[in-house]
Amino acid sequence: MDSSQFREAATSAIDEIVNYYDNIQDRRVVSNVEPGYLKKLLPNAPPEEGEPWEDIQKDIETKIMPGLTHWQSPNFMAFFPASSSYPGMLGELYSAAFTAPAFNWICSPAVTELETIVLDWLATLLGLPDCYLSAGHGGGVIQGSASEAIVTTMVAARDKYLRETTSHLSGIELEDIIAHKRSKMVALGSDQAHSSTQKAAQISGVRYRSIPALKSDGFAMTGARLEEVLNQIKAQGLEPFYLTTTLGTTATCAVDDFASIAETLSRHAPPDVPGEIWVHVDAAYAGAALVCPEYQYLTSSFKHFHSFDMNMHKWLLTNFDASCLYVKKRKDLIDALSIMPTYLRNEFSDSGLVIDYRDWQIPLGRRFRSLKIWFVLRTYGVKGLQEHIRKHVKLGEGFAQLLRSRPDLFRIHTKPSFALTVFDLVPTSGVQAERTALTRDAYDLINSRGEIYITSSMVAGTYVMRVVSANPKAEEKYLKKAFDILVATTEEVRLNRPA
Ligand code: PLP
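Keep in mind it's a predicted model, so treat the numbers as computed, not measured.

Engineer: Sorry, what's going on with the site of the ligand here?
Structural biologist: Around the ligand there are 15 residues in total, and S145, A146, S147, H194 and A284 lie nearest to it. Classifying every residue of the shell around the ligand gives four nonpolar, 10 polar and one charged.

Here's what the structure looks like:
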């Protein structure tokens, strides 16, 4: 493909993409193809001769679209959103054009420097304490996902803990002592924390224990529950070294009680003392709301913690992937992740005057992801992003209000939080098993019909549905439509259930 063919193909592709976005609400939101559908539609091998773009492009509609679930549709209310925007897409386009695995500053200074600048902008916008800014000992780095941020910080925390708690030892047995200590190390998260903490523990070769987050505490982890678990595991001779706290849990968007957690830790494992527990704040989805000052009181304890991560690609209009990880001490990441083979050496890295982000992450190569964040921040501005969040929160409250208008059909499980509403159905009998069966039947029917797409979850033994009103194209009329579908399906399922 030469330049003029590219210009023509790209123009046609952009026309098709704009058309897709303009009419996305008319498509069936969730794909209903059978597993293996694509193998039946594609040849067994690539073509011998190259094909013209127009033939390739035709296959998007006929072969790929049927197998897509349309996450950008306003009828998509499942999981958490993966928000996209035109400025975000332009960032991806330029990033593809400048393709370079820019692992060291010298590989493309603009890639590193823009990342540092936009992540500092974002930290200030989110109201993070100054200790997370690059001007001090901290700084931000873009990772692929919130899970990657957790495993990266857990590796740093593990190595820091081992280094600090064995620094007084020496001799040939040191390796054995470290191996023994490692076998006793425990990573912690609440039972509402995302499974990525348990997975990170599995990858890091440490144990995992969960802390109950009780319904009576609104599913938030508290210092008191943390203290109980710390006492138990210490009595067993185990060594806690990492804790994930959550701002916006996956099931109900609960927010852990950061102040009481910080207070408990100040007694059990005081910060800045060898053997401290590394505290990570997982704000993957709801962290986006911190762009609004009314939520920033939530960050007041973060100065006592070690790292914070939020996904711009969930609720802040930035195309996947852009997970923004901040650490209070960048040295902790670098100590764990820096390797300097001769072929990576250069005068700038040696000078210590530049950031080499390869030392802040697991892979070596990295994409130019800060471009799309820069484009989004500049296109929407602070006010535009705040309006975006507030609109979705308001839509969520409106949706909860609709559910409340039919107490005969719906029960709100946890109060709407960060544009997430969690509820179940009311059975005609008062039997709990009937409630679960009814909710499950209605949920299955709604998703099989594909007019809207929602998710379910199990929260403290209750089977619930989740509706998220944070899709970039969310509007009141789509949430009203979802409500009408819920009412009709609940009534249908009630009628069809055996008496
Ligand atoms: N943390 C929370 C609270 C989440 O809700 C999710 C996913 O929805 C994750 C972490 C994992 O996110 P990622 O897909 O970026 O790894």
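Engineer: Is there a simple way to think about the packing of helix α6 (residues 146–166) against helix α7 (residues 174–182) in this case?
Structural biologist: Two quantities define a packed helix pair, namely the angle between the axes and the distance from one axis to the other. Across the interface, α6 lies against α7 with an axial gap of 11 Å and an inter-helix angle of 130°. By the angle class used here, α6 and α7 are oblique. Once α6 is placed against α7, the crossing between them reads as right-handed. Mapping the contact onto sequence places L162, T165 and T166 in α6 and L174, I177, I178, K181 and R182 in α7. A per-class count over the contact of α6 with α7 returns four nonpolar, two polar and two charged.

Engineer: Mind showing me how you'd approach the sheet that holds strand β3 (residues 207–211) here?
Structural biologist: Remark on secondary structure: sheet strands pair via backbone hydrogen bonds, oriented parallel or antiparallel. Spatial ordering of the open sheet is given by β1-β7-β6-β5-β4-β2-β3, a layout of seven strands whose pairing is mixed. The sheet is open, and its two edges are formed by β1 (139–143) and β3, each paired on a single side. Each strand of the sheet is rotated relative to its neighbour by a mean of 20°, with strand direction disregarded.

Engineer: When you look at the confidence of the model for the protein in this model, what are you seeing that I'm missing?
Structural biologist: Note: predicted coordinates in regions of low pLDDT should not be interpreted at a detailed level. Per-chain confidence: the protein averages 95 in pLDDT, with 99% of residues scoring 70 or above. As a predicted assembly, this complex carries a pTM of 0.96 together with an ipTM value of 0.99.

Engineer: Looking at this structure, I do not really get the UniProt feature "modified residue: N6-(pyridoxal phosphate)lysine" (unreviewed entry) in the protein. What am I missing?
Structural biologist: According to UniProt, the positions carrying the feature "modified residue: N6-(pyridoxal phosphate)lysine" (unreviewed entry) are K314. Along the chain, the position of K314 falls in helix α11 (residues 312–315). Using a count of 25 C-beta atoms within 10 Å as the deciding quantity, one classes K314 as buried. Each residue touching K314, except ones within four places of it in the same chain, is listed here: F80, P81, A82, S83, A284, Y285 and A288.

How each quantity is defined
- Residues numbered from 1 in each chain as written.
- Predicted model: local features only at pLDDT ≥ 70, side-chain atom pairs only at ≥ 80, totals over all residues.
- Near = placed C-beta within 6 Å.
- Nonpolar A, V, L, I, M, F, W, Y, C, P; charged D, E, K, R; others polar.
- Axes fitted to C-alpha atoms, helices over the stretch in contact; angles between N-to-C directions.
- Helix = DSSP H or I, 4+ residues; strand = E, 2+ residues; numbered from the N terminus.
- Parallel < 35°, antiparallel > 145°, perpendicular 65-115°, else oblique.
- Left-handed = near helix turned anticlockwise from the far one by under 90°.
- Contact = placed C-beta atoms within 7 Å.
- Pairing = 2+ DSSP bridges.
- pLDDT = per-residue confidence, 0-100.
- UniProt positions renumbered as here; feature names shortened; annotations may be inferred.
- Buried ≥ 20, exposed ≤ 12 C-beta atoms within 10 Å, placed from the backbone.

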